[in-house]
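# Per-entry structural report
Residue-level listing of the chains:
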Amino acid sequence: MVHNGRGQVSEARTRLLTTASRIFYAEGLHSVGIDRIVAEAKVTRATLYRHFASKDELVVAYLQTVAGMERDQVEQALATGPSAPDVLRAVAASIATGIGSPGFRGCAFLNAAAEYPDPAHPVLRTVLEHREWFLRTVTGLFAGIDEPSASSAGRHFVMLRDGAMAAGCLTDSGEVGATFLAGVEGLLTYRSS
């Protein structure tokens, strides 16, 4: 990270990342050029390249920012209750809330994976690292309910989430969120019985 002399992240870097994140999420990664990001962030090209060596590095930073926000949501859910089912419900509720939010355009990670299919590319590696973390996290929570079926339940939760994230920007987001929550409740009921 680039810091100014007072140990803080530079204002220009923050502005670049905030601008790029907004545009990348709304319009896609490949379709947005560096010149547009520089213009909207009100910085020079030299400033952009001082903070990010390439557009790919900027895309990775954007995805890491989204990953951090999602990890924060899971941490908040972990703080909501002592039981694994309560935490899983809270995680699911935060996902459903996101799907219903204004400007929702699907999962930033699934969108990025569609644009960067090369498994060796740093963007796809960033996507896969985050997805692996999420699967491990929900699988660990399901292990607190029913250890033998935790792996299967974790994969089902992630698949339900992926489907809801894709459908949420194509159809009625309220209905999609409710369907997703019902699916998660079905997983929890099945595992708890």
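### A closer look at the packing of helix H5 (residues 84–99) against helix H8 (residues 150–167)
Relative orientation of the contacting elements H5 and H8 amounts to 15°, with a least axis distance of 10 Å. When the axes of H5 and H8 are compared, the pair comes out roughly parallel. In the crossing of H5 with H8, the sense of the turn from one axis to the other is right-handed. Across the interface between the two elements, Leu88, Val91, Ala92, Ile95 and Ile99 of H5 pack against Phe157, Arg161, Ala164 and Met165 of H8. Along the lines of polarity and charge, the residues of the contact of H5 with H8 split into 8 nonpolar, no polar and 1 charged.

### Digging into empty space enclosed by the protein
Counted by the stated rule, this structure contains 1 cavity of 30 Å³ or more. Each pocket or cavity is described by its volume, and for the largest cavity that value is around 60 Å³. Looking at the lining of the largest cavity, the elements that each hand over two or more residues are helix H7 (122–143) and H8. Ranked by residue count, the leading element in the lining of the largest cavity is H7, at 3 residues.

### Here's the deal with the side chain of Ser149
Locating Ser149 in the fold gives a position in the loop between H7 and H8. At 2.6 Å, the side chain of Ser149 and the side chain of Asp146 are in polar contact.

### Some remarks on the environment of Arg13
Mapping Arg13 onto the fold places it in helix H1 (residues 11–27). Relative accessible area serves as the criterion here: at 13%, Arg13 is assigned to the buried category. C-alpha separation for the pair Arg13 and Val43, spaced 30 residues apart in sequence, amounts to 9.3 Å.

### Details of the environment of Leu141
You can see Leu141 is positioned in helix H7. Considering only alpha carbons, one finds Leu141 and Ala79, 62 residues apart in sequence, at a separation of 13 Å. Dropping the residues within four chain positions of it, Leu141 is found in contact with Leu78, Ala84, Val87 and Leu88.

### A closer look at the pattern of salt bridges
Overall, the coordinates contain 10 salt bridges when judged by the stated rule. Of the charged contacts in the structure, one is a salt bridge between Glu11 and Arg15, with a shortest N-O distance of 3.1 Å. In this pair, Glu11 and Arg15 both sit in helix H1, 4 residues apart, roughly one turn of the helix. Using a relative accessible area of 61% as the deciding quantity, one classes Glu11 as exposed. Taken together, the shared-partner salt bridges in this structure form one network comprising Arg22, Glu27, Arg36 and Glu40.

### Considerations on the nonpolar core
Counting residues in hydrophobic clusters, the biggest one holds 57 residues, and the most contacted among them are Phe24, Leu63, Phe134 and Phe157. Going through the elements one at a time, H1, helix H2 (34–41), helix H4 (55–78), H5, helix H6 (108–115), H7, H8 and helix H9 (173–192) are the ones with two or more residues in this core. Broken down by element, the residue count for this core peaks at 10 residues, all from H4. Beyond its immediate chain neighbours, meaning those up to four positions away, Leu63 contacts Ala108, Phe109, Ala112, Val123, Thr126 and Val127.

Rules used in this analysis
- Residues numbered from 1 in each chain as written.
- Predicted model: local features only at pLDDT ≥ 70, side-chain atom pairs only at ≥ 80, totals over all residues.
- Heavy atoms only, no water.
- Axes fitted to C-alpha atoms, helices over the stretch in contact; angles between N-to-C directions.
- Helix = DSSP H or I, 4+ residues; strand = E, 2+ residues; numbered from the N terminus.
- Parallel < 35°, antiparallel > 145°, perpendicular 65-115°, else oblique.
- Left-handed = near helix turned anticlockwise from the far one by under 90°.
- Contact = heavy atoms within 4.5 Å.
- Nonpolar A, V, L, I, M, F, W, Y, C, P; charged D, E, K, R; others polar.
- 1 Å grid on protein atoms, 1.4 Å probe; cavity = no way out; pocket = protein on both sides within 12 Å on 5 of 7 lines; lining within 4 Å.
- Points joined across faces, edges and corners; volume = space filled by probe spheres on them.
- Polar contact = N/O pair within 3.5 Å; in protein donor to acceptor, adjacent residues only side chain to side chain.
- Buried < 20%, exposed > 50% of the residue type's maximum accessible area, 1.4 Å probe, protein only.
- Salt bridge = Lys/Arg side-chain N within 4 Å of Asp/Glu carboxyl O.
- Core = buried A, V, L, I, M, F, W, Y, C linked by side-chain atoms within 4.5 Å.

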